[in-house]
Amino acid sequence: MPDRDALIEHLLHRISALQSENNPFFPPGLLPSYRRNPLLMGYSRPDTNVFFTAITVFTLQQIRPKLAPVLQEKVDGMVQKAIQHYPDFQNKDGLKTYNFYKTPKRGQPSGHFPNGHLLHRIDHFRLPDDADDTAMVYLTSNPSREDLIWLKHKLMEHANLATRQVEDTYADYVNLRAYSTWFGKNMPVEFDASVLCNLLFCIFQYELPLNQHDDDSLAFIRSVIETGRYRQEPFRCSHSYPRATLILYHVAGLLAAFRPEPLESIRGFLIRDAYQMLEDGLPVMDQVIVSTSLLQLGEKPPRIDVRAIPETDIRDYSFFIAGMLTASQNPLLNRMAQSRLVRMDWTCEAHSLALLVEYLVYSRGC
């Protein structure tokens, strides 16, 4: 459909134009994103992180084979610009894990919560390296087999029951040997269904050997879907993506890409829930990701007129909603983490546009 193809090309050019060239807040190749909390007197700051750049180019790489050759070259160019600054976010001691923020190397200060007035001065808010950013960096670059095997062992060292037991989850999950979100020897174990999906995507993509940690991670994902917990208490199931629509999007993407046998039993649950979400009413960008999930699972949801989506909805869509206290070892602070007062909404226009391109590509022929 020529009109759809023209729109895809237009949106890809918009994403490319957003990629930084010489911005005081964003080094060349990074895609601008912002952290916000409307409850804190309209708090909004440019946020120099690797996460949104990595997930945006990951989304584009996944649909690249379905694009015209000239647009494949456009995507390749964006990827090459993006990955040049990945080393800035690598573990401060040179290990092959990655951080949301720039790490303190070569005498430089930590880059956590940049461009603000207070949070970057407080070491308590310095984030450890995490499985989510690490998985996305590995998925969008070309890691060696040696690095991949090293990562698999690193994940095992920080999985549940390796050195400590998960506390902030449902009682029937505490003995699962699933992977944790966080690296760092003093970090609490955290289960996050969406992070686990990204991590397992990496493990399946590179055909790494599977073990009980992978089986138990899949068991956790399967259970939060089939019990409906991800809809009832999304924050308990996914601290970093605490909306049911976001969890569904991640699980559906993993299931569609690799069809892991332990998740096949929840295919029907995902389809049923996705249609129900659409029927109940969703913000338009959530409609987009839920519809994309259905398309990936072989369904034909109602069409969305992408051209009619308001620019403000695209620019202000929050795909990643992080609790600032979830990485704390303090039980009281962990309980407080659900409060909107201590949660940040991250927005990235380029990633929202990539989600629209993804939807348009998968909805061809529908």
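Scroll up for the structure.
Let me sum up the structure you'll find in this document. Remember, predicted model here, so these are calculated numbers, not experimental data.

**What to know about helix 5 (residues 145–157)**
Owing to its 3.6 residues per turn, the α-helix brings residues three or four apart onto one side. The end-to-end C-alpha distance of helix 5, which contains 13 residues, comes to 19 Å, matching closely the 18 Å that a straight helix rising 1.5 Å per residue would cover. Of all the residues in helix 5, the buried ones are Asp-147, Leu-148, Leu-151, Lys-152, Lys-154 and Leu-155. The buried residues of helix 5 occupy one face: seen down the axis, they fall within an arc of 165°. For helix 5, the secondary structure elements touched by its buried residues are helix 4 (131–140), helix 6 (193–205) and helix 7 (212–226).

**Comments concerning the nonpolar core**
Judged by nonpolar contacts, the single largest core of 115 residues is most densely connected at Leu-12, Ile-15, Tyr-230, Leu-254, Met-285, Phe-319 and Leu-356. If near-sequence neighbours (up to four positions away) are discounted, Ile-15 is found in contact with Leu-31, Thr-56, Leu-60, Met-78, Ala-350, Leu-353, Ala-354 and Val-357.

**Observations concerning helix 3 (residues 69–83)**
When the terminal C-alpha atoms of helix 3 are compared, their 21 Å separation across 15 residues agrees well with the 21 Å that a helix rising 1.5 Å per residue should span. All buried positions along helix 3 are accounted for by Leu-71, Gln-72, Val-75, Met-78, Val-79 and Ala-82. One side of helix 3 holds all its buried residues, which, seen down the axis, span an arc of 120°. Facing away from the buried surface of helix 3 by more than 90 degrees, the exposed residues are Pro-69, Val-70, Glu-73 and Gln-80.

**Remarks on the pattern of salt bridges**
As enumerated under the stated definition, the model contains 19 salt bridges in all. Notably, a salt bridge pairs Asp-147 with Lys-96, separated by 2.9 Å at the nearest N-O pair. A residue pair is termed long-range when its members are at least 10 positions apart, and Asp-147 in helix 5 and Lys-96 in the loop between helix 3 and helix 4 qualify at 51 residues. A relative accessible area of 17% places Asp-147 in the buried class. With relative accessibility at 28%, the residue Lys-96 sits in the partly exposed group. Its salt-bridge partner being Arg-243, residue Asp-286 comes within 3.0 Å of it at the nearest N-O pair. Taken as a pair, Asp-286 in helix 12 (residues 284–296) and Arg-243 in the loop between helix 9 (234–237) and helix 10 (244–258) lie far apart in primary sequence, 43 residues in all. Residue Arg-243 is classed as partly exposed on the basis of its relative accessible area, which comes to 21%. By sharing partners, the salt bridges in this structure join Arg-231, Arg-272, Asp-273 and Asp-280 into a single network.

**Some words on the packing of aromatic side chains**
We describe a pair of aromatic rings using the distance from one ring centre to the other and the angle between the two ring planes. Under the criterion given, the structure shown has 21 aromatic pairs. Centroid distance Phe-100 to Phe-320: 5.6 Å. Interplanar angle 20°. Geometry classified as stacked. Of this pair, Phe-100 sits in the loop between helix 3 and helix 4 while Phe-320 sits in strand 3 (residues 318–323); the two residues are 220 residues apart in sequence, bridging distant segments of the chain. For Phe-100, a relative accessible area of 5% puts it in the buried group. With centroids separated by 5.9 Å and ring planes inclined at 90°, the aromatic side chains of Tyr-249 and Phe-319 adopt a geometry described as edge-to-face. Of the two residues, Tyr-249 sits in helix 10 while Phe-319 sits in strand 3, which places them 70 residues apart along the sequence. Here Tyr-249 falls in the buried class, since its relative accessible area comes to 9%. Look at Phe-319 and you get buried, because its relative accessible area is 4%. Each member of the aromatic cluster is reached from another via a ring pair, and the members are Phe-51, Phe-52, Phe-100, Tyr-101, Tyr-241, Tyr-249, Phe-319, Phe-320 and Trp-346. Between the NZ or CZ atom of Arg-229 and the centre of the ring of Tyr-170, over which it lies, the distance is 4.0 Å.

**What to know about the environment of Ala-354**
Inspection of the secondary structure assignment puts Ala-354 in helix 15 (residues 349–362). The class for Ala-354 is buried, based on a relative accessible area of 0%. Setting aside anything within four residues of it in sequence, one finds Ala-354 in contact with Ile-15, Thr-56, Thr-59 and Leu-60.

**Overview of the environment of Trp-346**
Tracing the backbone through its elements, the reader meets Trp-346 in strand 4 (residues 343–347). Taking the C-alpha atoms as reference points, Trp-346 and Phe-320, separated by 26 residues in sequence, lie 5.5 Å from one another. Reaching out from Trp-346, the side chain makes a polar contact with the side chain of Asp-47 at a distance of 2.8 Å.

Rules of the game
- Residues numbered from 1 in each chain as written.
- Predicted model: local features only at pLDDT ≥ 70, side-chain atom pairs only at ≥ 80, totals over all residues.
- Heavy atoms only, no water.
- Helix = DSSP H or I, 4+ residues; strand = E, 2+ residues; numbered from the N terminus.
- Expected span 1.5 Å × (residues − 1).
- Buried < 20%, exposed > 50% of the residue type's maximum accessible area, 1.4 Å probe, protein only.
- Arc of directions from axis to C-beta.
- Contact = heavy atoms within 4.5 Å.
- Core = buried A, V, L, I, M, F, W, Y, C linked by side-chain atoms within 4.5 Å.
- Salt bridge = Lys/Arg side-chain N within 4 Å of Asp/Glu carboxyl O.
- Phe/Tyr/Trp six-rings, centres within 6.5 Å; stacked < 30°, edge-to-face > 60°.
- Lys NZ or Arg CZ within 6 Å of the ring centre and 35° of its normal.
- Polar contact = N/O pair within 3.5 Å; in protein donor to acceptor, adjacent residues only side chain to side chain.

That is the geometry; function is a separate question.
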